[in-house]
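For reference, the chains in residue letters:
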Amino acid sequence: MILSLLGFSYLAFGLLALAMFSHYRDTFAKAPNPQQAKALYVAGWIGIAGTFWGCIATQGAAYGSILFFGLLSFAGLLVILVLSYRAKFLPYSMAISTLLSSVLVVMNQYQFV
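Below or above, wherever it landed, is the structure these notes cover. As a convention, each chain's residues are numbered from 1 in the sequence order in which they are written. Local features in this predicted model are restricted to residues of pLDDT 70 or higher, and side-chain atom pairs are both shown and tallied only at a pLDDT of 80 or more, whereas totals for entire chains, interfaces and linings draw on every residue. With hydrogens and water excluded, all non-hydrogen atoms of the structure serve as input to the side-chain values.

1. A closer look at the overall build of the protein
Our working definition: Strands are runs of DSSP state E lasting at least two residues, helices are runs of H or I lasting at least four, and both sets are numbered from the N terminus onward. By definition, residues are in contact when any of their heavy atoms lie within 4.5 Å.
Counting its secondary structure elements, the protein contains four helices and zero strands. Element order for the protein, N to C, with α for helix and β for strand: α-α-α-α. On the principal axes, the C-alpha backbone points of the protein span a range of 45 × 25 × 25 Å. Sequence separation of 24 or more characterises 70% of the internal contacts of the protein that already satisfy a separation of 6 or more.

If you want it as structure tokens, here you go:
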């Protein structure tokens, strides 16, 4: 479950990064329109809130909060590294993390893991 939360927090930070003009331009070679930037920003914060909820639901309030900040730190570092070295790969890595995290959630739901 922790790996799936890491994947979703990576997705949330990627969305927040793409809401910024310079990161969006580096990734897609064009400027975002204001509606795209706002949608990415809102979706990113919803993703962070969902990650917080997932951490609290799985670990409780005390350990969930600690896990949440650790996951955010690690996911933020991964997004920074991808943007620094392979900015055009960010959307693909976000899609891969979402797919793998969703598979992990489904596997955990049915106790395959």
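2. Focus: the packing of aromatic side chains
To be explicit about the condition: Ring geometry is summarised as follows: Phe, Tyr and Trp rings, the Trp one being its six-membered ring, pair when their centres sit within 6.5 Å, and such pairs are stacked at plane angles under 30 degrees, edge-to-face over 60 and tilted between the two. Each residue's exposure class comes from its accessible area (1.4 Å probe, protein chains only) as a fraction of the maximum for that residue type: buried when under 20%, exposed when over 50%, partly exposed otherwise.
Enumeration according to the criterion identifies five aromatic pairs in this entry. Each ring, one from Tyr41 and one from Trp45, has its centre 6.5 Å from the other, and the planes form 70°; the classification is edge-to-face. Taken together, the residues Tyr41 and Trp45, both in helix H3 (residues 34-85) and four residues apart, mark about one turn of the helix. By relative accessible area, which is 46% here, Tyr41 ends up partly exposed. Their ring planes at 40° and their centres at 6.5 Å tell us that Phe89 and Tyr92 sit as a pair that is tilted.

3. Digging into the environment of Ile96
Within the secondary structure layout, Ile96 lies in helix H4 (residues 90-109). Put simply, Ile96 and Leu11 are 85 residues apart on the chain and 9.4 Å apart in space, counted from C-alpha to C-alpha.

Everything listed is a geometric property; what it means functionally is a separate question.
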